[in-house]
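# Survey of secondary and tertiary structure
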Amino acid sequence: MGLRRLFKNYLYKKKFDITSKKNIGERIEKQSILITGANSGIGYELTKKFLRLNNFVFATYNKDSENLKKLSDSNLQICQCDQSKIENIDAIINLIKDKPINIIINNAGVWGGKNQNFNQIDYVNFVSASNINAISILKFAEVVLKYSEKNSLKSILNISSQYVSTENNTSGRDYIYKGTKSMMNSFSKNLSIDLKRSYGVNVISICPGNVRTKMNPGGILDPQNAALNIIDILDNAETLNGKFINLNKDILTW
Ligand SMILES: NC(=O)c1ccc[n+]([C@@H]2O[C@H](COP(=O)([O-])OP(=O)(O)OC[C@H]3O[C@@H](n4cnc5c(N)ncnc54)[C@H](OP(=O)(O)O)[C@@H]3O)[C@@H](O)[C@H]2O)c1
């Protein structure tokens, strides 16, 4: 890697580095948190951090649960949930029934495969990615509000991406990822109005930045750092309802 690239990456990391900030997440204690796609990447780091902060985590996974099982923590309950079919989300009903869920983090996501440019679109993948990246966030909200302890839900964080910003789009291409995460953003905004009005729930869309994970192996930020920032955002959820923000809480264009 060239010096210029190294320096650029250093500045990018520095921009989102909050490891020296004190008391991150200190107000998030004894909360019940539902995290989707929690066996890897950002979801896994969030799970570990929330457990360390003395919270209860309901973690869903798709294919593998190995990492979650290794945690063997009595404050962790796990559940298989393949979100490519919306009816699969009903699997969490027994897990959460009559229990408090204070926070939902819609983290599970897919890129959508190789074939997503004009004239090459894999429409089967498109429908599946729509369910995973977008439609599932509506279903999770409905299920939690209907089955978990009444009035317990306070915040929903949706892990989106700045890459899908409609206003800043100069690159074209990637219809599946851009289309489905834009749909997530649209639902996020809509829910921030409906759920705030009816249940007092704050709903926020977050871009975690360029994070090194299974989805993005060449990413710059550590998933641990992304998770810390997301927890810091949660600490400030009241003021961020209906916003699309980056890890520094800067407002992004939809
Ligand atoms: N990393 C980045 O730079 C970046 C940038 C912007 C936004 N994001 C967003 O951040 C979120 C977390 O991604 P990550 O970077 O941490 O990558 P990751 O480690 O690949 O996490 C994605 C998670 O989604 C799960 N998932 C995939 N298909 C699923 C399905 N059908 N049903 C339920 N869960 C499913 C995966 O589980 P399996 O592996 O078992 O399928 C995995 O645990 C995603 O929504 C992503 O779009 C990431």
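Everything that follows concerns the structure shown earlier in this document.
Report follows, based on the coordinates. (Residues numbered from 1 in each chain as written. Predicted model: local features only at pLDDT ≥ 70, side-chain atom pairs only at ≥ 80, totals over all residues. Heavy atoms only, no water.)

## Examining the packing of helix α2 (residues 41–52) against helix α7 (residues 223–235)
The N-to-C vectors of α2 and α7 enclose an angle of 60 degrees; their axes lie 8 Å apart at closest approach. Considering their axes alone, α2 and α7 lie oblique with respect to each other. By crossing handedness, the relation of α2 to α7 is classed as right-handed. Mapping the contact onto sequence places Gly41, Ile42, Glu45, Leu46, Lys49 and Phe50 in α2 and Pro223, Gln224, Ala227, Leu228, Ile230, Ile231 and Leu234 in α7. (Axes fitted to C-alpha atoms, helices over the stretch in contact; angles between N-to-C directions. Helix = DSSP H or I, 4+ residues; strand = E, 2+ residues; numbered from the N terminus. Parallel < 35°, antiparallel > 145°, perpendicular 65-115°, else oblique. Left-handed = near helix turned anticlockwise from the far one by under 90°. Contact = heavy atoms within 4.5 Å.)

## Some thoughts on the state of the cysteines
Taken as a whole and assessed by the stated rule, the structure comprises 0 disulfides. Its sulfur unpaired, Cys79 is 6.1 Å from the next cysteine sulfur, which belongs to Cys81. Judged by relative accessible area, Cys79 falls into the buried class, the value being 10%. (Disulfide = S-S within 2.5 Å. Buried < 20%, exposed > 50% of the residue type's maximum accessible area, 1.4 Å probe, protein only.)

## Describing the pattern of salt bridges
Counted according to the given criterion, the structure contains 8 salt bridges. The residue Lys48 makes a salt bridge to Glu45 at a minimum N-O spacing of 3.3 Å. Linking Lys48 with Glu45, this pair stays in helix α2, spanning 3 residues, or about one helical turn. Across the pair Lys139 and Asp90 runs a salt bridge whose closest N-O atoms are separated by 3.2 Å. Pair noted here: Lys139 is in helix α5 (residues 123–147) and Asp90 is in the loop between β3 (76–80) and α4 (93–96), with a separation of 49 residues, a long-range link. Take Asp90: its relative accessible area is 34%, and that puts it in the partly exposed class. Through salt bridges with shared partners, one network takes in Lys21, Asp232 and Lys249. (Salt bridge = Lys/Arg side-chain N within 4 Å of Asp/Glu carboxyl O.)

## A few points about the side chain of Ser84
Take Ser84: it is sitting in the loop between β3 and α4. Classification of Ser84 as buried rests on a relative accessible area of 17%. Separated by 2.8 Å, the side chains of Ser84 and Asp82 make a polar contact. Sequence-distant contacts of Ser84, defined by excluding residues within four places in its chain, comprise Ser128, Asn131 and Ile132. (Polar contact = N/O pair within 3.5 Å; in protein donor to acceptor, adjacent residues only side chain to side chain.)

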